[in-house]
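# Examining the three-dimensional arrangement
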Amino acid sequence: MIDPAFAPAAASVAEGRIPGATLGLVTADGQRWIRLAGMAALVPEQEVLTEEHWFDLASVSKVIATTTIILQLADEGRLDLDRPLTDAIPDLRQYDVANAAERKLTFRDCLAHRTHLPAVEPIYTYDGDPQRLRAFVLQREWKHVAPAYSDINFILLGIAIERITGQPLSDWPLGPELSFGPPPGPAVATEFCHWRGRVLKGEVHDENCSAMGGETGHAGLFGTVAGVLGYARGLLDGSGASPAMLQAIRTPHRDHRTCGWERKFVGWSGGQACSDETIGHTGFTGTGLWIDFERGIAWTLLTNRVHPSRHFDSGIFTLRPETGDAVIAAWDAG
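Nothing here was measured: the structure is a model prediction, and the numbers come from that model. (Residues numbered from 1 in each chain as written. Predicted model: local features only at pLDDT ≥ 70, side-chain atom pairs only at ≥ 80, totals over all residues. Heavy atoms only, no water.)

### Regarding the pairing of strand β1 (residues 20–27)
The buried count for β1 comes to eight of eight residues, which makes it a mostly enclosed element. As judged from the seven bridges shared by β1 and strand β2 (residues 32–41), these two strands associate in the antiparallel manner. Paired with Val 26 across the strands is Arg 32, a residue of β2. Turn length for the β1-β2 hairpin, with the two strands adjacent in sequence and antiparallel, is four residues, and the turn residue Gly 30 shows positive phi of about 100 degrees. (Buried < 20%, exposed > 50% of the residue type's maximum accessible area, 1.4 Å probe, protein only. Helix = DSSP H or I, 4+ residues; strand = E, 2+ residues; numbered from the N terminus. Pairing = 2+ DSSP bridges.)

Set out below in structure tokens:
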């Protein structure tokens, strides 16, 4: 069944659009199928991709790690999703307590990307140690934009988690074969980073995450295909999330956005063949996870599409929906 679902990714590898790709499928009862092709690295040395390789999950960190932790803390009564972030971060914009818009933002606002904060900012270019950069994020007067998908939202959520728990994100148990970097096994190479002057392999690709210590609310998580599938199965069978958590990640709060995730919409990354009860999220490095609750299946497409450079048309924005549609066609065909 998985071979026709993997055909689009296999073709992309054969055409040289992406160095390597892994497709994994899992069902609520634990059945798994995995296919892979290509290379974990092309430079400085070639390395064949295996199931044991750890991928830099990039923004998939937002859902597997940050969203999960925030919702679990809410379940435990340690935060209220509809209360301001200042419950956890009282020093947020502390020099403008009366007027700062950031002080009114709630945890749910940030999870659903319904804030005024910009999508991204080159925080790493301001230099300084990780704690100074966190202070910069908290005290900066951010420009106001229309609500949009924003790394800053999740950087703030990551800081809130650190404040509430008194621990780094990496101390939270996320499940087997999921870990903030560096990963404990062979790693897939990402980009030649001009800022760091080397091909990145086993260290986080995202510049801001790297400058802030390698584990933040928006990036930094690594995982194998088995690790990602294990997390997805926990959502499908309910073992990895409470009913309240599942409701939060499946219920739209702004357009197609739930707490952390996206729901199916026209033109989205998961294709159009999946059910309306499908959620998903992608990562800049070429990763993604989609969960179709109606069918009881999930799939992850993990690639190193930025290796050795992001400045190349890898076709990932076409490949993802093509793969999603192929997965559903193969599943429905039995």
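What follows picks up the thread again.
### Digging into the sheet that holds β2
An order of β3-β2-β1-β12-β11-β10-β9 is seen for the seven strands of this open sheet, with the pairing classed as antiparallel. Edge positions in the sheet fall to β3 (47–48) and β9 (262–263), since each has one partner strand and no second.

### Concerning helix α2 (residues 61–75)
For α2, spanning 15 residues, the distance from its first C-alpha to its last is 20 Å, which sits close to the expected 21 Å at 1.5 Å a residue. In the structure, α2 departs most strongly from a straight axis at Thr 67, where the bend amounts to approximately 30 degrees. Counting buried positions along α2 yields twelve of 15 residues, so the element is predominantly enclosed. Residues of α2 that are buried: Ser 61, Lys 62, Val 63, Ile 64, Ala 65, Thr 66, Thr 67, Thr 68, Ile 69, Ile 70, Leu 71 and Leu 73. Just downstream of α2 lies Gly 77, where phi reads positive at about 75 degrees. (Expected span 1.5 Å × (residues − 1). Bend = angle between axes of the 7 residues up to and from the residue.)

### Some points on the side chain of Ser 59
By the element assignment, Ser 59 lies in the loop between β4 (55–56) and α2. For Ser 59, the side chain forms a polar contact with the side chain of Tyr 149, separated by 3.2 Å. If we ignore the near neighbours within four places in the chain, the residues touching Ser 59 are Tyr 149, Asp 151, His 218, His 281, Thr 282, Gly 283 and Phe 284. (Polar contact = N/O pair within 3.5 Å; in protein donor to acceptor, adjacent residues only side chain to side chain. Contact = heavy atoms within 4.5 Å.)

### A short note on the pattern of salt bridges
Across all of its chains, the model carries 25 salt bridges by this definition. With a shortest N-O distance of 3.0 Å, Glu 47 and Lys 201 are connected by a salt bridge. One end of the pair, Glu 47, is in strand β3; the other, Lys 201, is in strand β7 (residues 198–201), and 154 residues separate them in sequence. With a shortest N-O distance of 3.4 Å, Arg 263 and Glu 277 are connected by a salt bridge. (Salt bridge = Lys/Arg side-chain N within 4 Å of Asp/Glu carboxyl O.)

### Some thoughts on the nonpolar core
Judged by nonpolar contacts, the single largest core of 67 residues is most densely connected at Leu 57, Ile 64, Phe 107, Leu 235, Trp 261 and Ile 291. In terms of residue count, the dominant contributor to this core is helix α5 (residues 151–165) (eight residues). If near-sequence neighbours (up to four positions away) are discounted, Trp 261 is found in contact with Val 63, Thr 67, Tyr 231, Leu 235, Ile 249, His 256, Ile 279, Gly 280, His 281, Leu 289 and Ile 291. By size, the runner-up hydrophobic cluster in this structure holds 20 residues, among which are Ile 2, Ala 5, Ile 18 and Trp 268. (Core = buried A, V, L, I, M, F, W, Y, C linked by side-chain atoms within 4.5 Å.)

### Section: the side chain of Thr 224
Take Thr 224: it is sitting in the loop between β8 (221–223) and α7 (225–237). Residue classification places Thr 224 among the buried positions, given a relative accessible area of 1%. Setting aside residues up to four positions removed in sequence, Thr 224 forms contacts with Glu 51, Glu 52, His 53, Trp 54, Glu 177 and Leu 302.

### Topic: the sheet that holds β4
Strand order across the open sheet formed by three strands is β4-β8-β5, with antiparallel pairing between neighbours. In this open sheet, the two strands that pair with only one neighbour each are β4 and β5 (178–180).

### A look at the packing of aromatic side chains
Scanning all chains against the criterion turns up six aromatic pairs. Both rings, one in Trp 33 and one in Trp 331, keep their centres 6.4 Å apart while their planes meet at 75 degrees; by these two values the pair is edge-to-face. In this pair, Trp 33 sits in strand β2 while Trp 331 sits in helix α9 (residues 316–333), placing the two residues 298 residues apart along the sequence. Under the relative-accessibility criterion, Trp 33 is labelled partly exposed at 22%. Note on Tyr 124 and Trp 195: the rings are 4.8 Å apart at their centroids and 55 degrees apart in plane angle, and the pair reads as tilted. Of the two residues, Tyr 124 sits in the loop between α3 (107–111) and α4 (130–139) while Trp 195 sits in the loop between β6 (189–193) and β7, which places them 71 residues apart along the sequence. Relative accessible area serves as the criterion here: at 23%, Tyr 124 is assigned to the partly exposed category. Overall, the relative accessible area of 41% leaves Trp 195 in the partly exposed class. Put simply, the rings of Tyr 126, Phe 136 and Trp 142 pair up and form one aromatic cluster. The positively charged end of Arg 250 is found above the aromatic ring belonging to Phe 293, 4.2 Å away from the centroid. (Phe/Tyr/Trp six-rings, centres within 6.5 Å; stacked < 30°, edge-to-face > 60°. Lys NZ or Arg CZ within 6 Å of the ring centre and 35° of its normal.)

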